[in-house]
Every structure is written in C-alpha cells, then in structure tokens.
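Survey of secondary and tertiary structure
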Amino acid sequence: MKKIVIALAAMLVIGCKNENKPSTTEMPKEIAKFSPKVEENAVIYEVNIRQYSPEGTFNAFSKDIPQLKELGVKIIWVMPIFPISQTKRKATGGDDSKFASEMPAAEQHKYLGSYYAVSDFKKVNPEFGTIEDFRNLVKTAHDNGIYVILDWVPNHTGWDHVWIKEHPEYYTKNAKGEIIDPINPETGKSWGWSDVADLNYDNQGLRKEMTADMLHWIKNENIDGFRCDVASNVPLDFWQQAIPQLRKEKNIFMLAEAWEPELLKDGLFDMAYGWEAHHTMNRIAQEKNTVKDWDKFIAEDAKKYEANDILMNFVDNHDENSWNGTVKGRLGKAEEAMTALSYVMPGMPLIYSGNEYGLNHSLKFFEKDSIPKTKGKEWELRAKLGKLKAENIALNGGKNKAKYTRIKTNDDTNILAFVREKNGKKVVYIANFSSKPINSKVAVTGEFVNYMTGKPTSLNDKVVITLQPFQSFILTN
C-alpha cells in the first residue's frame, strides 16, 4: 500500500517569485459598474484607518492600495470615517467601561472614542484627514480596479449629533421621556453601548434623513456601497424602503453585519456575516469541537440560506481582534489551515488590517495604535490564496457559486476533506484538525497539483495520506 507523506512546511512554499508581483497593466480611468460577477471571486479588505499606519490617515493608507491587488482584493470596506462625538466619548470598553471625561485631565486627549459614535453622517473625522483626502482614497482604489464601501452606523448616533437637539423625536426614549442607549432585543436590557443614543425607526422623518445621508455618499463621493453595522437591529422594512432607492442611483454592494436570511432576500443585502462558520473554526482550532460539528454547520446553513446567498468568511475582524483576541491566540497552530479554509469554502474571504502582516496583538479600540508592516509568510499565504480565489472558478462563492461536496475519509471526526467544483475545474481541500498525526485514506481519485508547492500529486481511495497536526493542503486539477 503506497504511503504519501505531505509535510506541513510544504503548504507555505510559494512557487514562482514573480507570480505575486503587481500587474503593470494600465487600469481604466473609470472603474466598471459593480456587478454580481465581482462577488464570485472577490476578497474583501477591512481597513481600520486609525490603526493602519503610524499617521492614521487616509493618505497613509491610499499609497498602499495598489499592492492590495497582490492579495486579490476587489472590495475595500472602510471602517467609519465620520466625526466622533465628544459627549460621552469612551476611553475603555467592557463591563467597567469609562468615559474620557472620567480619566485624568492630562490623559483625556489620547482617548479618541469609538468610530461607531457618529456625530455627523456627512462629514469626515479630521483625525483621518480631509474630504479631499478621502476622495483621493476612492479614486486610487477605483484606478486600481477596487471598489470602496463605507461602514455605516444606522442603529444609533453619538450623543452630540445634531439630531439630538433638532430632532429628539428620532430617538428611542424611556418612560420618563429620556433618550436611551441601544437595547438588546433578546434580553430587553442595555447592550452597554453607553456612548451612543438609540434611533427610533417608527419615525418616518428619521427614515428619510438616514436614506438621504446614505445617498449623499453615493451621489457626491462616488462610493460603491455600505457595510451596515448591526443591520438586524434596524427594522427590515426600513431596508426594504431604503436599499431600492440607493440601488436606483448606482450599482452598489451591500454588506450586513448580521446573519438573518431575510436580509439577503429581494435585492436587499448582497452579503451577510458567516458568524457560525467563524465560531465553529475557533472551536475546532481549540479542540472544543470536531469536524463533525463543521459538517453539522454546513448542513444547517444549507437549510437556512438560499443557494444564491453569500456569506463573508473571516478568521478576524475589528471586533474579534480588539475584544476576543488575536488570530494566533484563537486559532493557534490551526491558523494557516483555517485561513486557507476561509478562502476555499463557499463565500467571500475577509482580510482585516494587519492580518496580511502577521498582526499578533489586539489593537486598541479607543486610542491610537498601529499594525506591523513587514511582509512575511502571512502576506505570501494570502497572496497565493487570493490568486487561486481570483483565477479558479472552482472557488466561485457568489450568487453562482461552485459546488461543495464532502469527501469521505477514515477519520471524519478529525479530518476535513471536500471538493469545490465548477465546469470541470476542481479544488480539493484536506486538513487534519487535531493535535496528533493521522494516517488516512481519502475517497478522491485523480491527478492533481499541490497548489502551494506546484508538485504533481496522484490520489485514489487506496492511497494512505499522513497528515501532521493541523496540517492542510490544497489540490487543483
């Protein structure tokens, strides 16, 4: 019986050094209208402007946009760019959170507050630069064939937003008539977001103004859509009113920070969060779950969502990094295998600022911080995966996604094996999600290429594969 040993180190070997050089092809002056085709093979990049660079400005990020093409990025999601309220500006988070005003006077200046406590939806935070600087960011992205979506905060505003004084009827109030912070609909208690005031969508005037403010950025600043914060906390019928108006103005891409399937119906949001995939990946990496839990999640999602629904796959984002720990801390030795999984499973993979540079600390949320900027194995891995995502239709993950089929192994508790397939193209993913070496047969037959090494590989149901702990590899036909 033939035995093939596939070394863990081989996964990260990158072939031709020239493969990931940025294209020298001149980009069109006007980016093509956004279309569903973009969703099939796109990588989305979340940029935290404040923490992306030591300067923390639009311009510091804009100069790096061209190299994001090396990572397969086609959509940039910019975290909120709006001015942040001074009133109730937060200095710390968590159960014992404090406002900047509660800190020593000499230190208060360093507490910059939450991006999500917006004081004006039509202006930019001077911390990041000017509106001209933001326009340059959008133009630079478009010149490089990349679309830009803004992080929008429709559920609440900061406490010094003009609406607090001019339109208090736009806000949710308690029995005493006092404006309140947002309430968790499941518990009926405050979320603890004391730096923001909850908006009341029973008010039709609010609905009109919120829609007009969103249209402002599409009409005047040429953005390509929105990532909508806690989208499911806003009434569904608001989205049913607003999104068609936005789409009349321009072909846009809409991402909901939510999981509810109804938000993806009837031309509303294009993509939602793959929360369950994310949590399942974390638990498997920590050996709290097994591959059987992954199979259960896949089966449940197939029932929950329609075939043309799109979910965002992520091993990290701003919330996870700042509040739940780093990728390396959560995924440990499974980091590379899980990162690869986020690209090869159905959906659209996300890169959060710093992931491409091996970010290994939780970024401060209310203060200035910075990500590392040295390219290494994390950049190379994402560049290689981004190229595969962009060029192989077997990884299409949009409304016309490639098929996902589970492959039988000798150990379906610890080994995840599946094939993605479309129009004769195949991508096979095999991973050992345990802390012990495993010998197993894999029920797939064919001649393949190990994508990471470029070496040919033959498989059939009689071949025994040795997988080291948390080792994974990708095969293409």
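The structure displayed is predicted, hence computed values, not measured ones.

Assigned secondary structure in the protein chain consists of 14 helices and 19 strands. Computed over the C-alpha atoms, the radius of gyration of the protein chain is 23 Å, within 12% of the 23 Å expected from 2.2 N^0.38 for a compact globule of 477 residues. C-alpha atoms of the protein chain, sized along the principal axes, occupy 80 × 50 × 50 Å. Across the 477 residues in the protein chain, those meeting the buried criterion constitute 57%. Nonlocal contacts in the protein chain, meaning residues at least 24 apart in sequence, comprise 73% of its contacts between residues at least 6 apart. Carbon together with sulfur atoms contributes 51% to the accessible area of the protein chain, which is approximately 19,900 Å² in total. Between the centroid of the 63 positive side chains of the protein chain and the centroid of its 64 negative side chains there is a distance of 6 Å.

So, about the side chain of Asp-411. Structurally, Asp-411 is set in the loop between β12 (403–406) and β13 (415–422). Despite its burial, Asp-411 pairs with no opposite charge; the closest candidate is Lys-436, at 5.3 Å N-O. Not counting the four nearest positions on each side in its chain, Asp-411 is found in contact with Ile-438 and Ser-440.

Further remarks concern the sheet that holds strand β3 (residues 73–78). If you trace the eight strands once around the closed barrel, you get β2-β3-β4-β7-β8-β9-β10-β11, paired in parallel fashion. Across the sheet, the mean angle from the axis of one strand to that of its neighbour is 25°, orientation sign disregarded. Across five bridges, strand β2 (residues 43–47) lies against β3 in parallel orientation. Bridge pairing links Tyr-45 to Ile-76 in β3.

This brings us to the sheet that holds strand β19 (residues 472–476). Pairing is antiparallel across the open sheet formed by six strands, whose spatial order is β12-β13-β14-β19-β16-β17. Across the chains shown, the open sheet's two edge strands, defined by having one partner strand only, are β12 and β17 (456–459). Ignoring strand direction, the axes of neighbouring strands in this sheet form an average angle of 30°. As judged from the five bridges shared by strand β14 (residues 425–432) and β19, these two strands associate in the antiparallel manner. Following the sheet pairing, Ala-431 is matched in β19 by Ser-472. Packing of helix α13 (residues 335–344) onto the sheet brings it into contact with β13, β14 and β19, and relative to β14 it is tilted by some 155°.

Direction vectors running N to C along helix α7 (residues 204–221) and helix α8 (residues 236–249) enclose 30°, while the axes themselves pass 10 Å from each other. If you check the angle between α7 and α8, you find them roughly parallel. Like other packed secondary-structure pairs, α7 and α8 cross with a definite hand, here right-handed. Taking contact as the criterion, the partners of Gln-204, Arg-207, Met-210, Thr-211, Met-214, Leu-215, Ile-218 and Lys-219 in α7 are, on α8, Asp-237, Phe-238, Trp-239, Gln-241, Ala-242, Gln-245, Leu-246 and Glu-249.

Our next topic: the confidence of the model for the protein chain. Per-residue confidence for the protein chain gives a mean pLDDT of 93; residues scoring 70 or more make up 94%. In this model residues 1–28 is a low-confidence stretch, pLDDT under 50, and it forms 55 contacts with partners more than four residues away in sequence or in other chains.

For the rest of this paragraph, the subject is the pairing of strand β18 (residues 464–467). Burial of β18 is two-sided: the residues Val-464 and Thr-466 facing one way and the residues Ile-465 and Leu-467 facing the other way are all buried. Inspection of the sheet shows strand β15 (residues 438–441) paired to β18 by four bridges, in the antiparallel sense. Bridge pairing in β18 places Ile-438 opposite Leu-467.

Scanning all chains against the criterion turns up 29 salt bridges. One salt bridge connects Asp-143 with Lys-139, and the closest N-O pair in it is separated by 2.7 Å. Of the two residues, Asp-143 and Lys-139 both sit in helix α5 (residues 131–143), four residues apart, roughly one turn of that helix. On the basis of relative accessibility, which here comes to 27%, the residue Asp-143 falls in the partly exposed class. A cluster of three or more residues bridged by salt bridges with shared partners is formed by Glu-39, Arg-247, Asp-270 and Lys-399.

Our next topic: the packing of α13 against helix α14 (residues 377–391). Packing of α13 against α14 leaves a shortest axis separation of 10 Å and a crossing angle of 25°. In terms of axis orientation, α13 runs roughly parallel to α14. Taken as a pair, α13 and α14 cross one another with a handedness that is right-handed. Along the contact surface, α13 presents Glu-335, Glu-336, Thr-339, Ala-340 and Tyr-343, while α14 presents Lys-377, Glu-378, Leu-381, Arg-382, Leu-385, Gly-386 and Lys-389. Partitioned by chemical class, the residues of the contact of α13 with α14 number four nonpolar, two polar and six charged.

For the rest of this paragraph, the subject is the nonpolar core. Counting residues in hydrophobic clusters, the biggest one holds 129 residues, and the most contacted among them are Ile-44, Phe-226, Phe-269, Leu-341, Tyr-429 and Phe-433. Ranked by size, the runner-up nonpolar core spans 16 residues in total, among them Ile-407, Ala-417, Val-419 and Val-428.

What follows is about the environment of Asn-414. Tracing the backbone shows Asn-414 in the loop between β12 and β13. Classification of Asn-414 by relative accessible area gives buried; the value is 14%. When the C-alpha atoms of Asn-414 and Ile-218 are compared, they prove to be 47 Å apart, with 196 residues separating the residues in sequence. Each residue touching Asn-414, except ones within four places of it in the same chain, is listed here: Val-291, Ala-431, Asn-432, Phe-433, Ser-434, Lys-436 and Ile-438. Of note is the side chain of Asn-414, whose polar atom sits 3.1 Å from the side chain of Asp-411.

Turning next to the packing of aromatic side chains. The tally for this structure, following the rule as stated, stands at 31 aromatic pairs. When the centroid spacing of 4.9 Å and the interplanar angle of 55° are considered together, the rings of Tyr-201 and Phe-238 count as tilted. With a gap of 37 residues between them, Tyr-201 in the loop between β6 (196–198) and α7 and Phe-238 in helix α8 connect regions that are remote in the sequence. Phe-238 carries the same exposure label as Tyr-201, and that label is buried. Among the aromatic side chains, those forming a connected cluster through ring pairs are Phe-58, Phe-82, Phe-121, Phe-128, Phe-134, Trp-152, Trp-163, Tyr-170, Trp-217 and Phe-226.

Calculation criteria
Residues numbered from 1 in each chain as written. Predicted model: local features only at pLDDT ≥ 70, side-chain atom pairs only at ≥ 80, totals over all residues. Heavy atoms only, no water. Helix = DSSP H or I, 4+ residues; strand = E, 2+ residues; numbered from the N terminus. Rg over C-alpha atoms; globule rule 2.2 N^0.38 Å. Buried < 20%, exposed > 50% of the residue type's maximum accessible area, 1.4 Å probe, protein only. Contact = heavy atoms within 4.5 Å. Areas by Shrake-Rupley, 256 points an atom, 1.4 Å probe, with all protein chains shown as cover. Lys, Arg positive; Asp, Glu negative; His and termini not counted. Charge placed at Lys NZ, Arg CZ, Asp CG, Glu CD. Salt bridge = Lys/Arg side-chain N within 4 Å of Asp/Glu carboxyl O. Pairing = 2+ DSSP bridges. Axes fitted to C-alpha atoms, helices over the stretch in contact; angles between N-to-C directions. Parallel < 35°, antiparallel > 145°, perpendicular 65-115°, else oblique. Left-handed = near helix turned anticlockwise from the far one by under 90°. pLDDT = per-residue confidence, 0-100. Nonpolar A, V, L, I, M, F, W, Y, C, P; charged D, E, K, R; others polar. Core = buried A, V, L, I, M, F, W, Y, C linked by side-chain atoms within 4.5 Å. Polar contact = N/O pair within 3.5 Å; in protein donor to acceptor, adjacent residues only side chain to side chain. Phe/Tyr/Trp six-rings, centres within 6.5 Å; stacked < 30°, edge-to-face > 60°.

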